[in-house]
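Chain by chain, the residues run as shown.
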Amino acid sequence: MEQSCKIIDCTIRDGGLINNWDFSVEYVQDLYNGLSAAGVEYMEIGYKNSPKLLQATEPNPWRFLDDHFIEEIIPQKKFTKLSALVDIGRVDPDDILPREQSPLDMIRVACYIREVDKGLQLVQMFHDLGYETSLNIMALSSVPENQLIEAFNMVKKSVVDVVYIVDSFGSLDPADIEHQVKKFKEMIPNKKLGIHTHNNMQLAFANTLTAMRNGVTFLDSSVYGMGRAAGNCNTELLVTHIQKASYELKPVLDVIEKHMLEMRQRWEWGYIIPYMISGTLNEHPRVAMAYRASEDRDKFADFYDKVTSPESSLASESK
């Protein structure tokens, strides 16, 4: 039976957290063409945040997407739709064109549980402008049940198309994912679900498949797993594994071979011990990322001691 899922490739958006969105136009064009040839349904081409709200002094076309710039580099859209992500408080509504004037098809809103009401206000605005929408609630592994119930009462009544289960810290395993999906289905039976995983414990692919088998239809991934810290579920694994006639592996391999082997030499991401440790401790990877940038980067036992000892400054930073 052919699967009904859709892949959203986040290589530019999430991978940009590794290299400060230092992607060439040629790479983004090759990635878009490769994903289209591979049958991947969506490509998240970056953030639609507003530079003035982040006091940005340098232009960064993938972090601050401009519709006219996107049209210049992708003048003819192919099979793959385009999406962008926004953060609460970082997007000026005046910077968003109606969908018929924009190359973007979907705008996704990322927020923490305490900001769901603000997230849904943005979702309503994007919906009214004609976009497909999603709400990506981050750091779910540390959300108390009562907050979840309150948030989902709002989500159920909203216009949002897709609600994401986000394993922000890469700390969930397939049993956790199954539990979360079941809970989401019970609380918001009228919404499509998505999954965004991180590979701290080498479970991103397994967790994504578990979500899919339990009825989640939108699957986030990135080519060669490129994403913040331990990275994401690999696009190339999904297109070769999922039973869908439209998926082709070879175009994704071409992108990896042409661009990403060299990128992996310049920038580090993927399963690395400090990220594994932060995942097992259900902590944000920022402390592990800072440690990997220090001279002690490979002193794994020392890092473990630092983040687990109660008096450690690292332990308090990771909270």
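Quick caveat: nothing in here was measured; it's all calculated off a predicted structure.

Relative to each other, helix H5 (residues 145–157) and helix H6 (residues 174–187) sit at 45 degrees, their axes nearing to 10 Å. In terms of their interaxial angle, H5 and H6 are classed as oblique. Both H5 and H6 take part in a crossing whose hand is right-handed. In this structure, H5 uses Glu-145, Leu-148, Ile-149, Phe-152 and Lys-156 to contact H6, whose residues at the interface are Lys-183, Phe-184 and Met-187. Partitioning the contact of H5 with H6 into residue classes produces 5 nonpolar, no polar and 3 charged.

Let us now look at helix H2 (residues 25–38). Side chains that are three or four residues apart share a direction in an α-helix, a result of its 3.6 residues per turn. An ideal rise of 1.5 Å per residue puts 20 Å on 14 residues; H2 measures up with 20 Å between its terminal C-alpha atoms. Within H2, burial applies to Tyr-27, Val-28, Leu-31, Tyr-32, Gly-34, Leu-35, Ser-36 and Ala-38. Once H2 finishes, Gly-39 follows within two positions and takes phi at roughly 85 degrees, a positive value.

Attention now moves to the UniProt feature "domain: Pyruvate carboxyltransferase" (unreviewed entry) in the protein. Look at the UniProt record and you will see "domain: Pyruvate carboxyltransferase" (unreviewed entry) annotated at residues 5–257. Secondary structure within residues 5–257 divides into 38% helix and 17% strand; the distance between the first and last C-alpha atoms comes to 27 Å.

The next point concerns the packing of aromatic side chains. In the structure shown here, the tally under the stated rule is 7 aromatic pairs. Seen in terms of ring centroids, Phe-23 and Tyr-27 are 5.5 Å apart; in terms of plane orientation they differ by 20 degrees. Their pairing is stacked. For Phe-23, a relative accessible area of 8% gives the class buried. One residue, Arg-108, lies across the ring of Tyr-164, its end atom 4.8 Å from the ring centre. Between Arg-264 and the ring centre of Trp-269, over which it is positioned, the NZ or CZ distance is 5.3 Å.

What counts and how
Residues numbered from 1 in each chain as written. Predicted model: local features only at pLDDT ≥ 70, side-chain atom pairs only at ≥ 80, totals over all residues. Heavy atoms only, no water. Axes fitted to C-alpha atoms, helices over the stretch in contact; angles between N-to-C directions. Helix = DSSP H or I, 4+ residues; strand = E, 2+ residues; numbered from the N terminus. Parallel < 35°, antiparallel > 145°, perpendicular 65-115°, else oblique. Left-handed = near helix turned anticlockwise from the far one by under 90°. Contact = heavy atoms within 4.5 Å. Nonpolar A, V, L, I, M, F, W, Y, C, P; charged D, E, K, R; others polar. Expected span 1.5 Å × (residues − 1). Buried < 20%, exposed > 50% of the residue type's maximum accessible area, 1.4 Å probe, protein only. UniProt positions renumbered as here; feature names shortened; annotations may be inferred. Phe/Tyr/Trp six-rings, centres within 6.5 Å; stacked < 30°, edge-to-face > 60°. Lys NZ or Arg CZ within 6 Å of the ring centre and 35° of its normal.

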